[in-house]
Amino acid sequence: MNTPQSSSPVWLRTHRCGTLTAADAGRTVTLNGWLAKSRNLGGLLFLDLRDQSGKLQVVVNPETHGALFHQMESVRQESTVGVRGTVRLRPGEMQNAQMATGAVEIVAEEIQVYSESEVLPFAISDITEASDALRLQYRYLDLRRDSVKEKILQRIRIAQLFRKSLESHGFLDFETPYLYKSTPEGAREFLVPSRMHPGSGYALPQSPQLFKQLLMVSGFDRYYQIVKCFRDEDMRADRQPEFTQIDCEISFATLPMVLETFDAVMKEVVNAFYGCEKITSIPRITYQYAMDTYGSDKPDTRFDLTLQDLSALVHEVEFAVFQSALSQGGIVNAIVVPQQEAFFSRKRLDEYTELMKQNGLAGLGWIKVQAEGWQSPMAKFFSPAQIEAVQTALGAKPGDVVLVAAGLRKTVQLGLGLLRNTLAKHLNLTRHEDVRFLWVTDFPAFEYNEEGKRWAACHHPFTSPAFCDIERLETDPGSVHAAAYDLVCNGFELGGGSIRIHQPELQARVFALLGLTPEETEQKFGFLLKALRLGAPPHGGIALGLDRIAMILTGSDAIRDVIPFPKTQRGTCLLTGSPSPLSPQGLSELHLQWKELP
RNA sequence: GGGGGAGUAGUUAAGUUGGUUAUAACGCCGGCUUGUCACGCCGGAGGCCGCGGGUUCAAGUCCCGUCUCUCCCGCCA
């Protein structure tokens, strides 16, 4: 038998750097890794060796290993090396309590440099941060930093925990096509032209929605998939053009059963992640309650500052802004900010008023509650009895500041909801260690689009209307609730789902309401309607955003931090330089031609 | 599509009402150094001040445009 030859034999490691402890003292070991740092004391050379598991100090003594010392003196940091040596317990005062492996060090006998690094574009350190652009351009270096690496490893662990939990609940891991059928409703799609079909093409899926429903029709009970989804929309800190969903579906499902199942899954994952009973139950609130109380359909409940309705109390107050709002069927709402009078300078109040104006409100009223009465531009419109009534209703005490908005219901709620979040940030009211999960249910199913003069699905057109509302589908679509739910945490939408329509007649009625002609329906979704006619189980499910969940559980500011190779806000990859110009040959094969539009 | 923030050495930043040769730290190069771990000490090199116009005797600094990164609104069924 011949032995294959290798030009540069790698020393197979016996241990990983981060795992060695005092118990290993005396062992002969072989390690592989990166030269994180070297400290040359002249008579002694210390090298920090790093691999995925952590760091370990290597020591080279020129008196006993002159040639090795000379060899390693000039090797740049971040070169890859193999180290052979002996584990030694460090003398007492030389132990480093800050370091996981600080009790020991490796006395080097032999070191092989596998690959020498050039001078680095930035330091591999958690102390100084390079700019975002530079970090993304050299993301593979950025990922060597402990804090960055740690978040990616935690994301992987979170995905593992979801797989484990979902499989224990009977979910099976399916794959569905990435070359998807284009269905141009909802988010903008990434299109994939086809070489074999001039003028036709695929789209990358915004979610595997239709295929997972079809798997239910096939007779598979419980589907899940941790899957990439694509949306060609503008980015945010919590949005990337490609992102990962934990996509799930259950057949013969009811709404409470889906919520209970994912209550359990979330509890299992989150508590295992933290290693303690972080959440015991996930509260459920309705969309209406969320809007009335927090002015948001994805409220951050780590702080209070709830919205309070003053409409009934200020009916008699002769203040034009209130009267105009109420006469148009609007509302007057208030937020009480406890004991922060000094914070609300003229400048701050002007800033928040401007914020409200940018969001469609006439302005922002304010009241500084004081022992001797109100300091407020609005005070003169209130009688002493009205002041008393409002103050009692709000539970406001001297030193509190009351902020008031009047106008159309949704405008007031969304405006104050935004103000609520802004105030929490400015006043630092958020308990950052908290993780507050929440189900939001009973969403409206349809929303009237003034521009398009038509009804649009709030969720997606396969969402079942609430059972008891189906009869009003044609007569009063605005009052119909969806059998849909969102999972919300700390002000982020972490996922959403619904019970799906499983009856072709109902699906046709919904399509009709949305203004799709039978021909359009047939062309776009004929395959789905046919499937529903061939024995479809009642079913429902959910899609959870893995990136956002990982962002929150790792305490990150952006999903970028928990994605190994994220894109910039303009959708570019600074590492590889995509998107890049397409070759004329490539375009021509796809029957495409690049043309500048006027 | 719109609004805000940022861009100065390899990196992170400072740079006053426009005014001598654009600073500092880390990194880099050379030297010294036996217990460091953000090692220390001495010396040195390193700049299209994002890019393009303009104002001015004079621009890193003021004005206009543009590019890139970033936060937000729109958008994300």
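Enquirer: Please explain the overall build of chain A as it appears in this structure.
Expert: For chain A, the count of helices and strands is 15 helices and 22 strands. Each principal axis of the C-alpha distribution contributes one length, and for chain A these read about 95 × 75 × 55 Å. Here chain A holds 598 residues, and 48% of them are scored as buried. Across chain A, contacts joining residues at least 24 apart in sequence account for 68% of those joining residues at least 6 apart. If you average the places of the 61 positive and of the 70 negative side-chain charges in chain A, the two averages end up 3 Å apart.

Enquirer: Where do I start with the domain arrangement of chain A in this structure?
Expert: Where interface size is given, it is often the accessible area lost as the parts come together that is meant. Domain parsing of chain A yields domain 1 (17–115), domain 2 (150–284 + 438–563) and domain 3 (303–429). A C-alpha centroid distance of 37 Å is found between domain 2 and domain 3.

Enquirer: What am I meant to see in the pairing of strand β13 (residues 331–337) here?
Expert: Consecutive side chains of a regular strand alternate in pointing toward one face of the sheet and then the other. Among the seven residues that make up β13, seven are buried, leaving the element largely enclosed by the rest of the structure. Here β13 shows a buried face lined by I331, N333, I335 and V337 and a second buried face lined by V332, A334 and V336. Inspection of the sheet shows strand β12 (residues 307–309) paired to β13 by three bridges, in the antiparallel sense. Bridging across to β13, Q308 finds its partner in A334. With seven bridges connecting them, β13 and strand β16 (residues 401–407) associate as antiparallel partners. Within the sheet, the bridge partner assigned to V337 lies in β16 and is V401.

Enquirer: Honestly, the side chain of T176 in this entry has me stumped. Any pointers?
Expert: Locating T176 in the fold gives a position in the loop between β6 (172–173) and β7 (191–193). Separated by 3.0 Å, the side chains of T176 and Q225 make a polar contact. The residues touching T176, leaving out its near neighbours within four places in the chain, are P208, F211, L215, Y223 and Q225.

Enquirer: What am I meant to see in the pattern of salt bridges here?
Expert: Where charged atoms from two side chains of opposite charge come close, those side chains can pair. Summed over all chains, the structure comprises 33 salt bridges. D126 is paired through a salt bridge with R145; the nearest N and O atoms lie 3.9 Å apart. Pair noted here: D126 is in the loop between β5 (104–115) and α2 (132–137) and R145 is in the loop between α3 (139–142) and α4 (146–168), with a separation of 19 residues, a long-range link. The shortest N-O distance in the salt bridge between D263 and R284 comes to 3.7 Å. A residue pair is termed long-range when its members are at least 10 positions apart, and D263 in helix α6 (residues 255–274) and R284 in strand β11 (residues 284–286) qualify at 21 residues. Classification of D263 by relative accessible area gives buried; the value is 11%. Overlapping salt bridges, with partners in common, bring together D126, E129, D132, R135, R139, D142 and R145 in one network.

Enquirer: Looking at this structure, I do not really get the layout of surface pockets. What am I missing?
Expert: Leftover empty space is mapped by rolling, across the atoms, a probe with the size of a water molecule. By volume, the second largest pocket is sized at about 1,000 Å³. The wall of the second largest pocket is formed by 35 residues, among which E189, F190, L191, D232 and P579 lie closest to the centre. For the lining of the second largest pocket, the secondary structure elements donating two or more residues are β7, β8 (201–203) and α15 (584–589). Across the lining of the second largest pocket, the residue classes tally to 14 nonpolar, 13 polar and eight charged.

Enquirer: How do you make sense of the packing of helix α12 (residues 504–513) against helix α13 (residues 518–532) when you look at a structure like this?
Expert: Remark: α12 packs on α13, axes separated minimally by 10 Å, with the N-to-C direction vectors making an angle of 160°. Viewed along their axes, α12 and α13 adopt a mutual orientation that is roughly antiparallel. Between α12 and α13 lies a crossing whose hand is right-handed. Facing α12, whose interface residues are P504, Q507, A508 and F511, α13 presents T521, F525, L528, L529 and L532. Tallied by class, residues from the contact of α12 with α13 come to seven nonpolar, two polar and no charged.

Enquirer: Sorry if this is basic, but what is going on with the protein's contact with RNA strand B here?
Expert: RNA strand B sits among 45 residues. The nearest are N40, E63, M94, E105 and H459. Counting only atoms of RNA strand B within 4 Å of the protein, the fraction found in sugar and phosphate groups is 48%. Contact between RNA strand B and R76: a phosphate oxygen at 3.4 Å from a side-chain N or O atom of the residue. Counting only elements with at least two residues in the surface near RNA strand B, the list comes to β1 (28–40) and α2. When grouped by side-chain class, the residues that make up the surface near RNA strand B number 16 nonpolar, 13 polar and 16 charged.

Enquirer: Please clarify how helix α14 (residues 546–553) should be interpreted in this entry.
Expert: Burial runs high along α14: eight of the eight residues are buried. Listed as buried for α14 are L546, D547, R548, I549, A550, M551, I552 and L553. Phi for G555, located one or two positions after α14, is positive at around 65°.

Enquirer: When you look at the side chain of Q507 in this model, what are you seeing that I'm missing?
Expert: On the secondary structure map, Q507 appears in helix α12. The residues contacting Q507, other than those within four sequence positions of it, are P461, F462, I501, L528, L529 and L532.

About the cut-offs
Residues numbered from 1 in each chain as written. Chains lettered and ligands numbered in written order. Predicted model: local features only at pLDDT ≥ 70, side-chain atom pairs only at ≥ 80, totals over all residues. Heavy atoms only, no water. Helix = DSSP H or I, 4+ residues; strand = E, 2+ residues; numbered from the N terminus. Buried < 20%, exposed > 50% of the residue type's maximum accessible area, 1.4 Å probe, protein only. Contact = heavy atoms within 4.5 Å. Lys, Arg positive; Asp, Glu negative; His and termini not counted. Charge placed at Lys NZ, Arg CZ, Asp CG, Glu CD. Domains from an automatic or database assignment. Pairing = 2+ DSSP bridges. Polar contact = N/O pair within 3.5 Å; in protein donor to acceptor, adjacent residues only side chain to side chain. Salt bridge = Lys/Arg side-chain N within 4 Å of Asp/Glu carboxyl O. 1 Å grid on protein atoms, 1.4 Å probe; cavity = no way out; pocket = protein on both sides within 12 Å on 5 of 7 lines; lining within 4 Å. Points joined across faces, edges and corners; volume = space filled by probe spheres on them. Nonpolar A, V, L, I, M, F, W, Y, C, P; charged D, E, K, R; others polar. Axes fitted to C-alpha atoms, helices over the stretch in contact; angles between N-to-C directions. Parallel < 35°, antiparallel > 145°, perpendicular 65-115°, else oblique. Left-handed = near helix turned anticlockwise from the far one by under 90°. Near = heavy atom within 4 Å.

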